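Each chain, written out:
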Amino acid sequence: MPFRLAAGRAFRRFITSRHGVSGRVSRSAMTADTLSRAKRIVVKTGSALIAEAGAPRREWLAALAADIAALRQRGKEVILVSSGAVALGRSALGAPYQGRLEQKQAAAAIGQPRLMAALGDALAPHAIACGQALLTPGDTENRRRWLNARATLETLLEAGVVPVINENDTVATEEIRYGDNDRLAARVAQMMAADVLILLSDIDGLYTADPRSNPGAPHIPFLEALTPEHDAMATGANAAAGVGSGGMATKLAAARIAHAAGCSTLITLGNRPHPLGAIEAGERATLIASRISPAKARAAWLEGHLKPEGELLIDDGAAAALAKGASLLAVGVRGVTGQFERGAAVAIRAPDGRIIAKGVTAYGTEDIRRIAGRRTEDAEAILGYRGRPAIIHRDDMVRL
């Protein structure tokens, strides 16, 4: 079956299953609807959009900030993953820039405050604050650090602050780097259970071939899954230009990560006025749609991938609360077995001996023993520090 026909049929099936209509809905309407329905959005922007000749592109940043403000006014949470620190800082090094690791790290150290200042200036007219978070792969792959990073970003969002995330280039080495912010953005979308990941690119989506060398190459507006055929299409397409580092192949790799997490991905042209508003206005983009929600994807991951390192014995009240979707509080814990640290996977055993859930714990073995059966408000005095309200938050738990 020709690819375009198969994609068209998949699109109509998706429309029908999601909206209960006949499928006579335009692809641009579907793309706009995906964004309008999203509650939490991760936006990734590259260096070429942020900086030009070593200086911030303030007019474009102002338009992006206006788009973010418009989304927030409609009750949406926005997380920005932004490159640009190296591009903004490297001219200050003085010596010829050769792209060596230590030069990148030094340029990032200079450019990070410049990047945040430019973003802060752009958001200020909308009375929006931004806060910086610098991450490395370990922060989104190690469970303990994953919990810390997520809690920080959740706190920023609750305070109405736009988190601005970049890779921690000043300390990362080549062996422990993402290498591009497309994949970092996908990991953030996964960690934060985002509904949509928007990758602002120098091209308006995926084509069957590089449209710059093949002007007649068809644009692909909609996908439900990615295959090796799509990887072949991306080879050479959207090659990195200027100061950027991520091409279409890295964007598809990022989309796979997001897709597995129940997050849809939009790849669209960033270098135009109001790039986020353009999506809702029906401008061309590629939508890689996920059929499941982030919550369902996370539950499936927890159920299939976590090997318990210990067990928590709970009482009947806690078992009943968990059955209704509540978090596990210390007051409901009656015992703990195994030796584990915060961020470990543990099983939850009901009084009748059944394993009824498993999840990622916010406390280690010894601390759980000290606060088991106690009220949440007593934990700080017992432990000497203020920890998480729940032993296992409901978002980090799967019921069996």
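Rules used throughout
Residues numbered from 1 in each chain as written. Predicted model: local features only at pLDDT ≥ 70, side-chain atom pairs only at ≥ 80, totals over all residues. Heavy atoms only, no water. UniProt positions renumbered as here; feature names shortened; annotations may be inferred. Helix = DSSP H or I, 4+ residues; strand = E, 2+ residues; numbered from the N terminus. Buried < 20%, exposed > 50% of the residue type's maximum accessible area, 1.4 Å probe, protein only. Contact = heavy atoms within 4.5 Å. Areas by Shrake-Rupley, 256 points an atom, 1.4 Å probe, with all protein chains shown as cover. Axes fitted to C-alpha atoms, helices over the stretch in contact; angles between N-to-C directions. Parallel < 35°, antiparallel > 145°, perpendicular 65-115°, else oblique. Nonpolar A, V, L, I, M, F, W, Y, C, P; charged D, E, K, R; others polar. Pairing = 2+ DSSP bridges.

An unreviewed UniProt entry lists the protein under the name Glutamate 5-kinase, with Hyphomonas hirschiana VP5 as the source organism. Its UniProt record, at the heading Catalytic activity (unreviewed entry), says of the protein: "L-glutamate + ATP = L-glutamyl 5-phosphate + ADP".

Draft legend 1. Geometry of the overall build of the protein. Looking only at helices and strands, the protein has 16 helices and 17 strands in total. Buried positions account for 50% of the 400 residues belonging to the protein. Here the contacts in the protein between residues at least 6 apart in sequence split such that 73% fall between residues at least 24 apart. Carbon and sulfur atoms provide 52% of the accessible area of the protein, an area that totals close to 17,700 Å².

Draft legend 2. Highlighting the environment of S82. Within the fold, S82 resides in strand β4 (residues 77-82). The exposure class assigned to S82 is buried, which follows from its relative accessible area of 0%. Taking the C-alpha atoms as reference points, S82 and E167, separated by 85 residues in sequence, lie 8.9 Å from one another. In this structure, S82 is in contact with T45, I50, L115, L119, V164, I165, N166 and N181, ignoring residues within four places of it in sequence.

Draft legend 3. Broad picture of the packing of helix α9 (residues 181-191) against helix α11 (residues 248-260). At a minimum axis separation of 8 Å, α9 and α11 run at an interaxial angle of 10 degrees. With respect to α11, the axis of α9 lies roughly parallel. Across from D182, R183, A186, R187 and Q190 in α9, the residues of α11 making contact are T250, K251, A253, A254, I257 and A258. Looking at side-chain class alone, the contact of α9 with α11 contains five nonpolar, two polar and four charged residues.

Draft legend 4. Representation of the sheet that holds strand β13 (residues 310-314) in the model. Taken together, five strands build an open sheet; the order of strands is β14-β13-β15-β16-β17 and the sheet is mixed. Two strands in the sheet have a free side with no partner beyond their single neighbour: β14 (333-337) and β17 (397-399). Averaged over all adjacent pairs, the angle separating strand axes in this sheet is 25 degrees, with direction ignored. Inspection of the sheet shows strand β16 (residues 355-360) paired to β17 by three bridges, in the antiparallel sense. Looking at β17, one finds that K358 is bridged to V398. On top of the sheet, helix α14 (residues 316-323) reaches β13, β15 (345-349), β16 and β17; it is set at about 105 degrees to β13, its chief contact.

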